[in-house]
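Given next are the chains, with one letter for each unit.
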Amino acid sequence: MADSGAKAMGSLYDLLLDFVDTARVHDSNYEIAHRLLEDYGQLSGLTLRQMSELCYTSQASFSRFCRFLGFESFAEFKEAIAGVNYRLADDYTREFQLMLGRDEHQAICTYRTSLLSLLNETLDDESFEAVPELLAEIEAAGRVAFFSHHFLWHIGRYFQGKLLQLGRYVELYQSFEHQWEAAQSLGEGDLAIICSVNGSYLSHYQDIVRSIFSSGAKVAVITQNRHSMYLSRADHVLYCGTTNENDMGKYAALMTIDYLVMSYRQRLLSKEGHHE
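The rules we used
- Residues numbered from 1 in each chain as written.
- Predicted model: local features only at pLDDT ≥ 70, side-chain atom pairs only at ≥ 80, totals over all residues.
- Heavy atoms only, no water.
- Helix = DSSP H or I, 4+ residues; strand = E, 2+ residues; numbered from the N terminus.
- Buried < 20%, exposed > 50% of the residue type's maximum accessible area, 1.4 Å probe, protein only.
- Areas by Shrake-Rupley, 256 points an atom, 1.4 Å probe, with all protein chains shown as cover.
- Lys, Arg positive; Asp, Glu negative; His and termini not counted.
- Charge placed at Lys NZ, Arg CZ, Asp CG, Glu CD.
- Contact = heavy atoms within 4.5 Å.
- Core = buried A, V, L, I, M, F, W, Y, C linked by side-chain atoms within 4.5 Å.
- Axes fitted to C-alpha atoms, helices over the stretch in contact; angles between N-to-C directions.
- Left-handed = near helix turned anticlockwise from the far one by under 90°.
- Pairing = 2+ DSSP bridges.

1. Description of the overall build of the protein chain
Each helix and strand in the protein chain was counted, giving 13 helices and 5 strands. Projected onto the principal axes, the alpha-carbon positions of the protein chain cover approximately 65 × 50 × 40 Å. Within the protein chain, the proportion of its 276 residues that are buried is 47%. On the protein chain, roughly 14,600 Å² of surface is accessible, and the fraction owed to carbon and sulfur atoms is 49%. Distance from the positive charge centre (23 side chains) to the negative charge centre (37 side chains) of the protein chain: 3 Å.

2. Some remarks on the side chain of Asn-29
Within the element layout of this structure, Asn-29 appears in helix α2 (residues 28–38). The residues contacting Asn-29, other than those within four sequence positions of it, are Phe-19, Phe-65 and Phe-68.

3. Details of the nonpolar core
Formed by 38 residues in total, the largest nonpolar core has its most connected members in Ile-138, Phe-159, Ile-193 and Leu-260. Of the residues forming this core, the biggest block, 7 residues, is contributed by helix α13 (residues 249–272). If near-sequence neighbours (up to four positions away) are discounted, Ile-138 is found in contact with Val-144, Phe-159, Leu-163, Arg-168, Leu-191, Ile-193 and Tyr-264.

4. Quick notes on the packing of helix α7 (residues 104–121) against α13
Geometry of a packed helix pair, given as the angle between the helix axes and the separation of the axes. Relative orientation of the contacting elements α7 and α13 amounts to 35°, with a least axis distance of 10 Å. The handedness of the crossing between α7 and α13 is right-handed. When α7 is examined against α13, the residues Tyr-111, Leu-115, Leu-118 and Leu-119 are found in contact with a partner set consisting of Gly-249, Tyr-251, Ala-252 and Met-255.

5. Quick look at the pairing of strand β4 (residues 218–223)
Most of β4 sits inside the fold, with 5 of its 6 residues counted as buried. Bridge count between strand β3 (residues 191–195) and β4: 5 bridges; the pairing is parallel. If you follow Ile-193 over to β4, its bridge partner there is Ala-220. Pairing of β4 with strand β5 (residues 236–239) involves 4 bridges; the strand directions are parallel. If you follow Ile-222 over to β5, its bridge partner there is Leu-238.

Here is the structure:
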């Protein structure tokens, strides 16, 4: 089994939020997860006893909860908490944060101008030319699987829902284990779509990426990174702009996905003889 890195392809709170937001039964596991989220900022450094007391449960029940989430033990669960070094401030340049402090309105106007510029350069001519063949492969593939993490995983969920309305099921998995299993099970006639604005997915999850590229499946990459060693091996590359400054790249990725959805719909309508 490959090294999973992060169980949820992101932070522990992503895993907890996903469970709480989608749980249909509010059982003891739900109550534990809910309490952890309420005091998430206080979890670092807590022992099993302290965390169990925080959640009004026994140590044995909390250990079972850790295994329910996919961790082998409380120690591994605790490592996931300690491994979260992400800060919201890391998304924004120091210059932009200082601008926000001086004049919030001007800062947002500047942000909007930069965002519009990014969207204007999203999907260059080379990317546009790649779309028709990619759409044909989406339609004809035996399986289509979408690979990403963090916010871009949610863009994949949006893509999955839209394509399902058009009769095409796209596989999407959140955990490392399930993404790795999906990558290993792909084969000729299948299609993998990797969405990674700055290329971090390609570098952080190389066990999955290597499996995808050695599977025999066609591969499409949505990115801004023009230097990854994997791009020369991809069958299609769609470039979603050139900058992720102040975390703007996600909008360009969403625009690219929206374009694929709109074009796929038009492709189906054209084949049916409809013209709207």
